[in-house]
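Topology and contacts: notes
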Amino acid sequence: QYEGWPVVIDQQDNYGRQAKAYLPEIVVEGMRNPVVEIHNEETGELEYALRISGSSFTPKVFDQGTGYTIRIGDPDRNVWREYNNVRPGEAED
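Per chain, the residues get numbers from 1 upward, laid out in the order the sequence is written. Predicted model: local features are reported for residues with pLDDT of at least 70 only, side-chain atom pairs are reported and counted for 80 or more only, and whole-chain, interface and lining totals are derived from all residues. The basis for every side-chain value is the complete set of non-hydrogen atoms in the structure, without hydrogens or water.

A look at the side chain of E37
A run of DSSP states H or I qualifies as a helix once it reaches four residues; a run of E qualifies as a strand once it reaches two. Both are numbered from the N-terminal end. Topologically, E37 is positioned in strand 3 (residues 35-40). For the exposure calls, accessible area comes from a 1.4 Å probe over protein chains only, and a residue counts as buried if that area is under 20% of its type's maximum, exposed if over 50%, partly exposed in between. Owing to a relative accessible area of 15%, E37 belongs among the buried residues under this scheme. We call two N or O atoms a polar contact when they sit within 3.5 Å, provided that within protein one can donate a hydrogen and the other can accept it, with sequence-adjacent residues counted only if both atoms are side-chain atoms. One polar contact links E37 to H39, side chain to side chain, over a distance of 2.9 Å. In this description, contact between two residues means that some pair of their heavy atoms is separated by no more than 4.5 Å. Non-local contacts of E37, meaning those with residues more than four positions away in its chain, are made with L46, Y48, A49, T69, I70, R71 and W80.

Put into C-alpha cells, the structure is as follows:
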C-alpha cells in the first residue's frame, strides 16, 4: 500500500516502561510459546502478561526491592506453573 509497509514491530516495543531490574531468565520445557505473567507481590498487581515466542525469556521488572510471582502456562489447556518470591538482579545497561 505504502512505501515501507507493512511496519513490523516487536510486541514489547508497545510497552514503554523502562526496566529497573531483570528477573532470572525463564527457560520453559513442555510448552510451546507459553504465556508469562509477572505479578508484583508487594502490590498484588499484575505487572504484565505476554505470550513469548520460543522457550526462553528474561522478564523486566520495575521495582528492584520487590519479590515477584511468575506464572507460566498455556491458557488454552489451563496448564500453569507458578514461582513465588522471585527476586530481581541488577538492571542491564
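A look at the environment of L50
Within the secondary structure, L50 is located in strand 4 (residues 46-51). Linking L50 and A21, residues 29 residues apart in sequence, is a C-alpha distance of 18 Å. What L50 contacts, discounting residues up to four positions off in sequence, is Q11, Q12, P34, V35, V36 and F57.

Description of the sheet that holds strand 4
Any two strands with at least two DSSP-identified bridges between them are counted as paired. Strand order in this open sheet of four strands is 4-3-7-8, and the pairing throughout is antiparallel. The sheet is open, and its two edges are formed by strand 4 and strand 8 (79-86), each paired on a single side. For this sheet the average axis-to-axis angle between neighbouring strands, irrespective of direction, equals 15 degrees. In this structure, strand 3 lies alongside strand 7 (residues 68-74), joined through six bridges in antiparallel fashion. Bridged to N40 within strand 7 is Y68. Axis definition: a line fitted to C-alpha atoms, limited for helices to the stretch in contact. Angles are taken between N-to-C directions and run from 0 to 180 degrees.

Let's talk about the pairing of strand 7
Most of strand 7 is tucked away, with six of its seven residues classed as buried. In sequence, strand 7 turns back onto strand 8 through a hairpin of four residues, with N78 there showing a positive phi of about 55 degrees.

Thoughts on a nonpolar patch on the surface
Residues form patches when they are more than 30% accessible in relative terms and have no salt bridge. Like charges link within 9 Å. Nonpolar side chains (Val, Leu, Ile, Met, Phe, Trp, Tyr) link within 5 Å. Only the protein chains shown count as cover for residues, and the accessible areas themselves come from Shrake-Rupley with a 1.4 Å probe. Salt bridge criterion: a side-chain nitrogen from Lys or Arg within 4 Å of a carboxyl oxygen from Asp or Glu. Together, Y2, W5, V7 and I9 make up a nonpolar patch on the protein surface, roughly 500 Å² of accessible area in all. One can find W5 in the segment before strand 1 (21-22).

Points about the pattern of salt bridges
A side chain with one charge may pair with a side chain of the opposite charge, provided their charged atoms come close. Under the counting rule described, the total for this entry stands at four salt bridges. As a salt-bridge pair, R71 and E37 come within 3.1 Å of each other at their nearest N and O atoms. With a gap of 34 residues between them, R71 in strand 7 and E37 in strand 3 connect regions that are remote in the sequence. Note on R71: relative accessible area 22%, which makes it partly exposed. Close ionic contact of R77 with D74 constitutes a salt bridge, the shortest N to O distance being 2.9 Å. Among the charged side chains, a salt-bridge network with shared partners connects E37, R71 and E82.

Focus on the nonpolar core
In summary, soluble globular proteins display a tendency toward joint burial of nonpolar side chains. Side-chain atoms within 4.5 Å link the members of a nonpolar core, which is a set of buried Ala, Val, Leu, Ile, Met, Phe, Trp, Tyr and Cys residues. Counting residues in each nonpolar core, the largest one holds 17 residues, and the members touching the most others are L23, I26, V36, I38, F57 and I70. When contributions to this core are tallied by element, the ones reaching two or more residues are strand 3, strand 4 and strand 7. Ranked by residues supplied to this core, first place goes to strand 7 with three residues.

Function cannot be inferred from these measures alone, as they are strictly geometric.
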